[in-house]
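Spelled out, the chains give:
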Amino acid sequence: MAEKITHGIKDEEFIRDEVPMTKEEVREVSICKLGLSEDSVFYDVGSGTGSVAVETALLSKKIKVFAIETNPLAAALIKKNKEKFGAENIEIIEGKAPDVFDGLPVPTHAFIGGTKGSLKSILSSLCRKNPCMRVVMNAVSLESISQMTEVLKDFSVTDDEVVQISVSKSKKIGNYHMMQANNPVFVFSFTFAESILCNDK
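Right, let's walk through the structure included here.

## Description of the packing of aromatic side chains
- Summed over all chains, the structure comprises 5 aromatic pairs.
- Judged by centre distance (5.3 Å) and plane angle (45 degrees), the ring pair of Tyr43 and Phe101 falls under tilted. With a gap of 58 residues between them, Tyr43 in strand β1 (residues 41-45) and Phe101 in the loop between β3 (90-94) and β4 (109-112) connect regions that are remote in the sequence. For the residue pair Tyr43 and Phe101, the accessibility class agrees, reading buried in each case.
- Put simply, the rings of Tyr43, Phe66 and Phe101 pair up and form one aromatic cluster.

## Considering helix α4 (residues 119-129)
- Listed as buried for α4 are Leu119, Ile122, Leu123, Ser125, Leu126 and Cys127.
- Contacts from the buried residues of α4 go to β1, β4, β5 (134-139), α5 (142-151) and β9 (185-192).

## Focus on the packing of α4 against α5
- Relative to each other, α4 and α5 sit at 40 degrees, their axes nearing to 10 Å. Accordingly, the angle class assigned to the pair α4 and α5 is oblique. The handedness of the crossing between α4 and α5 comes out as right-handed. Residues Leu119, Lys120 and Leu123 of α4 lie in contact with α5, whose contacting residues are Gln147, Met148 and Val151.
- Here the contact of α4 with α5 is built from residues that sort into 4 nonpolar, 1 polar and 1 charged.

## Digging into the nonpolar core
- In this structure, Tyr43, Ile68, Phe101, Ile112, Leu123, Leu126 and Phe192 are the most contacted members of the largest nonpolar core, which totals 29 residues.
- Contributing elements (two or more residues each) for this core: β1, β2 (64-69), β4, α4, β5, α5 and β9.
- With 5 residues, α4 is the largest single contributor of residues to this core.
- If we skip the residues at most four places from it in the chain, Ile68 touches Tyr43, Asp44, Val45, Gly46, Ser47, Ile93, Gly95, Ala97, Val100, Phe101 and Leu104.

## Digging into the sheet that holds strand β6 (residues 157-165)
- Spatially, the 7 strands line up as an open sheet ordered β3-β2-β1-β4-β5-β9-β6, and their pairing is mixed. Of all strands in the sheet, those bounded by a partner on one side alone are β3 and β6. Put simply, the sheet's adjacent strands are angled 15 degrees from each other on average, direction ignored.
- Relative to β4, β1 is paired through 4 bridges, and the arrangement is parallel. Each residue of the ladder has a partner; that of Phe42, found in β4, is His109.
- In this fold α4 packs onto β1, β4, β5 and β9, with an angle of close to 175 degrees to the strand it touches most, β4.

Basis of the calculations
Residues numbered from 1 in each chain as written. Predicted model: local features only at pLDDT ≥ 70, side-chain atom pairs only at ≥ 80, totals over all residues. Heavy atoms only, no water. Phe/Tyr/Trp six-rings, centres within 6.5 Å; stacked < 30°, edge-to-face > 60°. Helix = DSSP H or I, 4+ residues; strand = E, 2+ residues; numbered from the N terminus. Buried < 20%, exposed > 50% of the residue type's maximum accessible area, 1.4 Å probe, protein only. Contact = heavy atoms within 4.5 Å. Axes fitted to C-alpha atoms, helices over the stretch in contact; angles between N-to-C directions. Parallel < 35°, antiparallel > 145°, perpendicular 65-115°, else oblique. Left-handed = near helix turned anticlockwise from the far one by under 90°. Nonpolar A, V, L, I, M, F, W, Y, C, P; charged D, E, K, R; others polar. Core = buried A, V, L, I, M, F, W, Y, C linked by side-chain atoms within 4.5 Å. Pairing = 2+ DSSP bridges.

Such coordinate-based values are descriptive only and should not be taken to indicate function.
Laid out in structure tokens, this is it:
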């Protein structure tokens, strides 16, 4: 059987338990919006099950992936999924962002899936580490959407975009297939433009 070259892992393939996970279709759009390259240093902030970390790590063994997670149960699941998919280029960082950023390599990209109420401090810390980096973050609740919109006003960004994704999947009920909707997700993507150095990259 030929090796698959299209990225995309089905949700049910991940070991999940009760930990929240970025769903398959949203995950693929979010990864595409990151615009990763083989020399990327990627932070997955609020990694959950590690689904985004695993999929980015499998794009290339040269990508350095740091799965950052404060929940010990979730961190254990990331380890299990890392081992299941052979994603050896993932390093699991257990602790709260942005406190654990110190000592990590300078990131080129970040995905923010969870913030524990520290969105502004996380973005500020990321921007200090690399004022030209690419960031993607997801929001589901109205409160999160409002917060992300407001917080971004405090930063100079470019290539910014918001995409709203609504996914419905069929489920067989008796002899019929009914569509069941997932929660709509807002995907925010942008590049920091805080430094004149960014103009030279």
